[in-house]
Amino acid sequence: MTQRAIESCGVIGDLHTVALVAMDGTIDWCCFPQFDSPSVFGAILDENKGGHFRIAPAESGTNRQMYMPETNVLLTRFMRAEGVGEVIDFMPVRTDRAKESASVTHEIVRIARAVRGAVRFRLECAPAFNYARTSHSLREIDGGVAFETDSERMLLLGPGPWEIQNGIAVAQFTLEPNQTAEFSLRYLAASEDVGQQAPVEGSSMMDDTLVFWREWLSHCKYEGRWRENVLRSALTLKMLTHHPTGAIVAAPTTSLPESIGGERNWDYRYTWVRDSSFTVYTLIQLGFTEEATAFIEWLAKRIQQATSDPSNGEHREDKLATGKQLPEDKPAQENSPQVNARTGHPVPDDPLNVMYSVEGKSDLTEITLDHFSGYRDSRPVRIGNAAYNQLQLDIYGEMMDAIYLYDKHVSGISYDIWQRIRGVLQWVADNWNQPDDGMWEVRSKRQNFVYSKMQCWVALDRGLRLAEARSLPIDRVRMEKARNEIFESIMKNGWDAEQQSFVQAYESHALDAGNLLMPIVFFIAPTDPRMLSTIDRTIEKLVSDSLVYRYELDGGSSAWDGLAGSEGTFSMCTFWLVDALARAGRLEDARFIFEKMLTYANHLGLYSEEISPTGTALGNFPQAFTHLGLISAASHLDRKLRK
């Protein structure tokens, strides 16, 4: 087995976790029992130590993959001169007891089948628990084998005979045409009884899983030109949703690099307030209000845990009295508290974290797995994410936009939540003018990022709109004054008259693709001369063959982001460009770039975070941010083309 390309995998999931299934029949990434649990299969990060689970013909040959129509059930086909075989992979979705996630059975079902000729299969299951840091024992049981550690176990059930080799289970079997062999890999807590397991009923579970995905997708309202692409993206976003809590992870993987051999390797198995808030609007657009409601409830809990008595709009003293400790690689001077330019007092900590675990845990301490070689020797391999305690002011705009749209299109928010939101808005009005770490989570120094200021404007604007629409109490004079100050500040300090473009930060002349969102969030008219020229400058400096870089990493105008090396183009930003061009009336350009971007999906319509100069995938995979960008761009572009 060789370490494959990032994009060579399909993904299956059960709304708790996912598994990556490569085109050669190997599962080389899976964390049980949920997205941010330690991996049990991690060969994509270290093919020798990480662990894998493979079912494929013994002979090599041509392979193909497809999803069963309108589902997340994956079919891998093996075409050999001797015969054609298939493996169907899925994870049964059990939502009836999802609020009691500990009692939900998590399993991967794999059904091997011969289609033409006799096909000789080889199965090899080699788990590596706890990121290959915990050893396990292996023994045969009735109907299969058991992999066991002190705290967890997995049962591999299915027809034998079984060979046990150094902690690896191997089975070899030959299937005649239309014969099948069904296997189930079940995850158990240490307290669960190995001997009380139900038999494998793969065909029945597959039928139920097909029905689940198709029934869910039937609620999608999109009927535009790119329906197949939008449906696949919707299915992917749903698969990245943690059903018990409503949280949506940015991606199900960690440390897949933004540059091969580089250090830009991050853990994305968490819920970003920013990404998920964007996703809420996308879900509402498509008609999936249940998922939007679940996330708003999750977000309300985070606001509640970050604020104190809502009656006075004050925040918890322990949370807001001082700044959070910055990551260790921050310069020493960055650890001193910022001072509010208006009041002269130390800047209080922000009410919300940038990201949380799916269950709402706020401490995501970052460590490295030095025993892993990394994807194609891209080190370090990280788990946890030090950016969780950064100051990123933009999250309040995205949060308020999501709440405003939810209140407008789905259901009104409660008075108690509004009281807490009002306190957050007061904090934004006091602290918008502080430098922060920015949406791109730079690890150099805080700056006055234009995108962050703009989203503070969005936060106050949506708060005012919501209060007006619902006649909710708010300090309107204070909020309007701060909103207007932000607007004037950006127009004065974030505009480069020489370049005729908005820039990344007040301290920089570099460009930033985040500014393409200005007309999308209604900060500026899409045909305003300043916006039109910003689009032109962005295309000149950040676009390579229609693909968009996040910001300038080299050249005299760029600001160092604290990391070595380069990165690929950022797929979400390409979809932002499509949206901005469409709103500006440049429909031919927008459609060409969009259609071109569709060619960079993998064979199943899935996208990673970035694209390399050679067109291969980079970064964590699949990425929710990219798929929601595709849906948003497709929806708006289609509406424009219909006019």
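Residues numbered from 1 in each chain as written. Predicted model: local features only at pLDDT ≥ 70, side-chain atom pairs only at ≥ 80, totals over all residues. Heavy atoms only, no water.

Draft legend 1. Quick look at the overall build of the protein chain. When helices and strands are counted, the protein chain shows 14 helices and 29 strands. Over its C-alpha trace the protein chain gives a radius of gyration of 25 Å, about what one expects of a compact globule, namely 26 Å for 643 residues. Overall size of the protein chain, expressed as C-alpha extent along the three principal axes, is 75 × 50 × 45 Å. Counting all 643 residues of the protein chain, 63% fall into the buried class. (Helix = DSSP H or I, 4+ residues; strand = E, 2+ residues; numbered from the N terminus. Rg over C-alpha atoms; globule rule 2.2 N^0.38 Å. Buried < 20%, exposed > 50% of the residue type's maximum accessible area, 1.4 Å probe, protein only.)

Draft legend 2. Seen up close, the packing of helix 4 (residues 273-286) against helix 14 (residues 624-642). Viewed as axis vectors pointing N to C, helix 4 and helix 14 meet at an angle of 40°, and their least axial separation amounts to 10 Å. The pairing of helix 4 with helix 14 is recorded here as oblique in orientation. Here helix 4 runs over helix 14; the crossing is left-handed. Residues R274, D275, F278, T279, T282, Q285 and L286 of helix 4 lie in contact with helix 14, whose contacting residues are F625, L628, I631, S632, S635 and R639. (Axes fitted to C-alpha atoms, helices over the stretch in contact; angles between N-to-C directions. Parallel < 35°, antiparallel > 145°, perpendicular 65-115°, else oblique. Left-handed = near helix turned anticlockwise from the far one by under 90°. Contact = heavy atoms within 4.5 Å.)

Draft legend 3. Highlighting the packing of helix 7 (residues 395-409) against helix 9 (residues 450-470). Where helix 7 meets helix 9, the closest approach of the two axes is 7 Å, and the angle between their N-to-C directions is 25°. On the basis of their axis angle, the class for helix 7 and helix 9 is roughly parallel. Crossing hand, helix 7 versus helix 9: left-handed. The segment helix 7 lies against helix 9, with Y396, G397, E398, M400, D401, I403, Y404 and D407 engaging Y451, Q455, V458, A459, R462, G463, R465, L466 and R470. Residues of the contact of helix 7 with helix 9, tallied by class, amount to eight nonpolar, three polar and six charged. (Nonpolar A, V, L, I, M, F, W, Y, C, P; charged D, E, K, R; others polar.)

Draft legend 4. Structural view of the layout of surface pockets. One number sums up the size of the largest pocket: a volume of about 540 Å³. In terms of lining, the largest pocket is formed by 30 residues, of which the most central are Y281, D401, L405, I520 and F522. Broken down by secondary-structure element, the contributors of at least two residues to the lining of the largest pocket are helix 4, helix 7, helix 9, helix 12 (571-583) and helix 14. In terms of residue count, the dominant contributor to the lining of the largest pocket is helix 7 (seven residues). For the lining of the largest pocket, a count of residues per class yields 14 nonpolar, eight polar and eight charged. (1 Å grid on protein atoms, 1.4 Å probe; cavity = no way out; pocket = protein on both sides within 12 Å on 5 of 7 lines; lining within 4 Å. Points joined across faces, edges and corners; volume = space filled by probe spheres on them.)

Draft legend 5. Structural context of the sheet that holds strand 27 (residues 569-570). As summarised here, the arrangement of the three strands in space is 27-28-29, forming an open sheet in which the pairing is antiparallel. Pairing within the sheet leaves two strands with one partner each, and these edge strands are strand 27 and strand 29 (617-618). In this sheet, strand 28 (residues 610-611) lies alongside strand 27 in antiparallel orientation, the contact comprising two bridges. The partner of F570 across the bridge, within strand 28, is E610. (Pairing = 2+ DSSP bridges.)

Draft legend 6. Local environment of empty space enclosed by the protein. One pass over the structure, following the stated rule, counts three cavities of 30 Å³ or more. Within this model, the largest cavity holds a volume of roughly 270 Å³. Along its surface, the largest cavity is lined by 24 residues, and Y268, M439, W440, E441 and R550 are the ones closest to its centre. Classifying every residue of the lining of the largest cavity gives 12 nonpolar, two polar and 10 charged. Of the pockets and cavities examined, the second largest cavity occupies roughly 50 Å³. Lining the second largest cavity are D437, G438, M439, W440, E441, V442, F449, Y451, Q504 and D512. Looking at the lining of the second largest cavity, its residues break down into five nonpolar, two polar and three charged.

Draft legend 7. Just the side chain of S452, in detail. Along the chain, S452 falls in helix 9. Polar side-chain contacts of S452 include one of 2.8 Å to the side chain of D436. Sequence-distant contacts of S452, that is, excluding residues within four places in its chain, are made with L393, D394, D436, G438 and M439. (Polar contact = N/O pair within 3.5 Å; in protein donor to acceptor, adjacent residues only side chain to side chain.)

Draft legend 8. Looking closely at the side chain of R264. Tracing the backbone shows R264 in the loop between strand 18 (247-248) and strand 19 (271-272). Judged by its relative accessible area of 3%, R264 is buried. A polar contact is formed between the side chain of R264 and the backbone oxygen of L563, at a distance of 3.2 Å. Aside from chain neighbours lying at most four places away, what touches R264 is P257, E258, Y551, L553, D561, L563, A564, G565, S566 and E567.

Draft legend 9. The nonpolar core, seen in detail. Counting 183 residues, the largest nonpolar core has L123, L156, M399, I403 and F594 as its most contacted members. Here this core takes 11 residues from helix 9, the largest share from any one element. In this structure, F594 is in contact with W226, F575, V578, L630, A633, A634 and L637, ignoring residues within four places of it in sequence. (Core = buried A, V, L, I, M, F, W, Y, C linked by side-chain atoms within 4.5 Å.)

Draft legend 10. Layout of the environment of I535. Within the secondary structure, I535 sits in helix 11 (residues 529-542). Residue I535 is classed as buried on the basis of its relative accessible area of 1%. Remark: the alpha-carbon pair of I535 and K445, spanning 90 residues in sequence, is separated by 27 Å. With sequence-adjacent residues up to four places away left out, I535 is seen in contact with L516, L577, A580, L581, A584 and R586.

Draft legend 11. Up close: the confidence of the model for the protein chain. Looking at the protein chain, pLDDT values average 90 and 90% of them are 70 or higher. A low-confidence stretch, residues 309-337 (pLDDT under 50), is modelled with 55 contacts involving residues beyond four sequence positions or located in other chains. Low confidence marks residues 339-348, where pLDDT is under 50. Its contacts with residues over four positions away, or in another chain, come to 27 contacts. (pLDDT = per-residue confidence, 0-100.)

Draft legend 12. Local environment of unusual backbone geometry. The omega torsion of the bond from F32 to P33 falls at 5°, within 30 degrees of zero and hence cis. With omega at 0°, the peptide bond leading from G160 into P161 counts as cis. Within the secondary structure layout, P161 lies in the loop between strand 13 (152-157) and strand 14 (163-165). Within the chain, A132 stands out as a residue other than glycine whose phi angle is a positive 65°.

Draft legend 13. Structural detail: the environment of R54. In this structure, R54 sits in strand 5 (residues 52-57). For R54, a relative accessible area of 29% gives the class partly exposed. With 70 residues separating them in the primary sequence, R54 and E124 have C-alpha atoms 5.2 Å apart. Not counting the four nearest positions on each side in its chain, R54 is found in contact with D24, G25, T26, R110, R122, L123 and E124. A polar atom in the side chain of R54 sits 3.3 Å from the side chain of T26.

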